[in-house]
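# Analysis of the macromolecular model
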Amino acid sequence: MNAPLAVILEGTVEEGTPAIEAAEIRTNSNEIGAALKAIGYKVEIVTLTFDIARARKQLEKLKPEVAFNLVDSIEGKGDLIALAPMLLTHLNIPYTGTNAPVTTVTCDKLLSKQVLKAYGLKTAPWLTETQINTAGKELSCPYILKSITEHASFGMGSDSVVKNRATLRKRLQEKKQEFWGDWFAEAYIEGREFNLALLASSGPERVTLLPPAEIVFTADFPKHKPKIIDYAAKWHTQTPEYKGTVRNFERIAKEPKLRQALQKVARECWDAFGLTGYARVDFRVDKKGVPYVLEVNSNPFLTAHEGFGKAAQHGGLSFTDTVRAIVTDAYHRSARKLPKVLAA
């Protein structure tokens, strides 16, 4: 029997990408490829660049049964990732993750906040660029500057948290000059940070809520800096910010009330955004124990040794089982019959 073909569609690794981030991207692709082969697929990799016609020709030639969409940027531009599901939809290839409209909304933090607000889900107050630059009342709390469409803590540092409007205006211009793109400011919530991974299910619940993880700020984290997962904490392995942030599944397991609150909101996000395949919801929990949604990520890294993979492991799933569930969902959404390698 000929093995069905799965294509891994991925973006490019740009020059200047931190070594750990570049390694994470490669590992993500390699581990998923290995899992697909373990299931019974042949695997090919197609890279999506601005030369979309080239990727289209490759896909048309390969005629894959399914595509595993790992595109989280196109030549360094995160706001263009919806081009991947657009292309796959146009070619009528079943694919993992979310469709183009959902990808567009979840990629845009301001659009995401509007969805959250419309569904009555708590998210931190925010200021648009126009509101930042318009005279108004002094800030009632610190605000943190964030890119609207770039992710992975792009452009974020301790200087991103500011306490007054004049500094906020000044810092906004600095960020735009250094990092380009559009920015906004979000109220900084003093408290704890969590994320919760979600995985599509063929059962009546439609989604599996994996065990939530807390990002614990340890004693190694610089005491004079705001407790945020900035670029250094995420990607610069030799910094005290990186060494001072640790993923922990055990603490929240002992707090059933908070765990249930996070699960409830995460499930509501799944429904509100129309998520499919897999996703991750990032939270900040204030000192009163109230969860606020920071971000809904419809295309998080899946690597076995990192966030999503670790959550699946704590939920009793192997990495191969996780990939199998995601690919199975791609077939179900496209109303295609499952191949024997998945139906077995």
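Description of the structure in this document.

What counts, and at which threshold
What you see as residue numbers is a count from 1 along each chain, following the sequence as written. Local features in this predicted model are restricted to residues of pLDDT 70 or higher, and side-chain atom pairs are both shown and tallied only at a pLDDT of 80 or more, whereas totals for entire chains, interfaces and linings draw on every residue. As a rule here, side-chain values cover all heavy atoms of the structure and leave hydrogens and water aside. Think of each axis as a best-fit line through the C-alpha atoms, taken over the contacting stretch in the case of a helix, with angles from 0 to 180 degrees between the N-to-C directions. Under the DSSP-based scheme used, a helix requires at least four consecutive residues in state H or I and a strand at least two consecutive residues in state E, with every element numbered from the N terminus. Here the angle decides the label: under 35 degrees means roughly parallel, over 145 means roughly antiparallel, 65 to 115 means roughly perpendicular, and every other value means oblique. Note on convention: near helix rotated counterclockwise from far helix by under a right angle means a left-handed crossing. Clockwise means right-handed. Any two residues having at least one pair of non-hydrogen atoms within 4.5 Å are treated as being in contact. Gly is placed with the polar residues, together with every amino acid not listed as nonpolar (Ala, Val, Leu, Ile, Met, Phe, Trp, Tyr, Cys and Pro) or charged (Asp, Glu, Lys and Arg). Each aromatic pair joins two rings of Phe, Tyr and Trp (for Trp, the six-membered one) with centres within 6.5 Å, and gets the label stacked for planes under 30 degrees apart, edge-to-face for over 60, and tilted for any other angle. Three exposure classes are used, based on accessible area relative to the maximum for each residue type with a 1.4 Å probe and protein chains only: buried under 20%, partly exposed in between, and exposed over 50%. Candidate patch residues must exceed 30% relative accessible area and have no salt bridge, after which like charges are joined if within 9 Å and Val, Leu, Ile, Met, Phe, Trp or Tyr side chains if within 5 Å. Computed by Shrake-Rupley with a 1.4 Å probe, the accessible areas treat only the displayed protein chains as cover when residues are assessed. Put simply, a salt bridge is a Lys or Arg side-chain nitrogen that is within 4 Å of an Asp or Glu carboxyl oxygen. Neither His nor the chain ends is counted toward charge; the positive residues are Lys and Arg and the negative residues Asp and Glu. Where a charge sits is defined by one atom per residue type, namely NZ (Lys), CZ (Arg), CG (Asp) or CD (Glu). The disulfide criterion used throughout: a pair of cysteine sulfur atoms within 2.5 Å. Whether two strands pair comes down to DSSP finding at least two bridges between them.

To continue, consider the packing of helix 2 (residues 52–62) against helix 3 (residues 83–90). The axes of two packed helices give the description: the angle between them and the distance between them. At a minimum axis distance of 11 Å, the contact between helix 2 and helix 3 shows a crossing angle of 40°. If you check the angle between helix 2 and helix 3, you find them oblique. Of the two elements, helix 2 crosses helix 3, and the hand of that crossing is right-handed. Seen from helix 2, the contacting residues are Ile52, Ala55, Arg56 and Leu59; seen from helix 3, they are Leu83, Leu87, Leu88 and His90. Residues of the contact of helix 2 with helix 3, tallied by class, amount to six nonpolar, one polar and one charged.

Attention shifts here to the packing of aromatic side chains. The final tally for this structure, using the stated rule, is eight aromatic pairs. Judged by centre distance (5.5 Å) and plane angle (70°), the ring pair of Phe154 and Phe179 falls under edge-to-face. Here Phe154 is found in the loop between strand 5 (143–147) and strand 6 (161–162), whereas its partner Phe179 is found in helix 7 (residues 165–179), with 25 residues between them in sequence. Classification of Phe154 as buried rests on a relative accessible area of 17%. Between Tyr278 and Phe308, the ring centres sit 5.8 Å apart and the planes meet at 85°, which makes this aromatic pair edge-to-face. Taken together, the residues span a long stretch of sequence, with Tyr278 in strand 12 (residues 278–286) and Phe308 in helix 12 (residues 307–314) at a distance of 30 residues. Taken as a pair, Tyr278 and Phe308 share a single burial class, namely buried. One aromatic cluster is present, formed by Phe154, Phe179, Trp180 and Trp183 through successive ring pairs.

This part covers a negative patch on the surface. A contiguous patch of negative charge on the surface is contributed by Glu14, Glu15, Asp51 and Glu75. Within the fold, Glu14 resides in the loop between strand 1 (5–10) and helix 1 (19–39). Take Glu14: its relative accessible area is 32%, and that puts it in the partly exposed class.

This part takes up the state of the cysteines. Simply put, the disulfide is a covalent bond whose two ends are the sulfur atoms of two cysteines. Tallying each qualifying case throughout the model produces zero disulfides. Here Cys269 is not cross-linked by a disulfide; its sulfur's nearest cysteine counterpart is in Cys107, at 17 Å.

It is worth spelling out the sheet that holds strand 6 at this point. One open sheet accounts for four strands, arranged 4-7-5-6; its pairing is antiparallel. If you trace the sheet from one side to the other, it starts and ends with strand 4 (126–127) and strand 6, each paired once. Bridge count for strand 5 against strand 7 (residues 183–187) is five bridges, and the pairing is antiparallel. Bridge pairing links Ile144 to Glu186 in strand 7. Sheet strands in contact with helix 7 are strand 4, strand 5, strand 6 and strand 7, and its direction is about 135° off that of strand 7.

With that settled, consider unusual backbone geometry. Where the residue is not glycine, phi is negative for most of them; where a peptide bond is considered, it is trans in most cases. Despite not being glycine, Glu75 shows a phi value in the positive range, around 50°. You can see Glu75 is positioned in the loop between strand 3 (66–69) and helix 3. We classify Glu75 as partly exposed; its relative accessible area is 31%. Notably, Ala335 is not glycine yet its phi reads approximately 60°, a positive angle.

What follows is about the sheet that holds strand 1. The parallel open sheet is built from three strands, whose spatial order is 2-1-3. At either margin of the open sheet sits one strand with a lone partner, and together these are strand 2 (42–47) and strand 3. Sheet twist, expressed as the mean angle between neighbouring strand axes with direction ignored, is 25°. Those strands touched by helix 3 are strand 1 and strand 3, and its axis lies near 175° from that of strand 3.

Interpretation in functional terms is not warranted from these geometric data alone.
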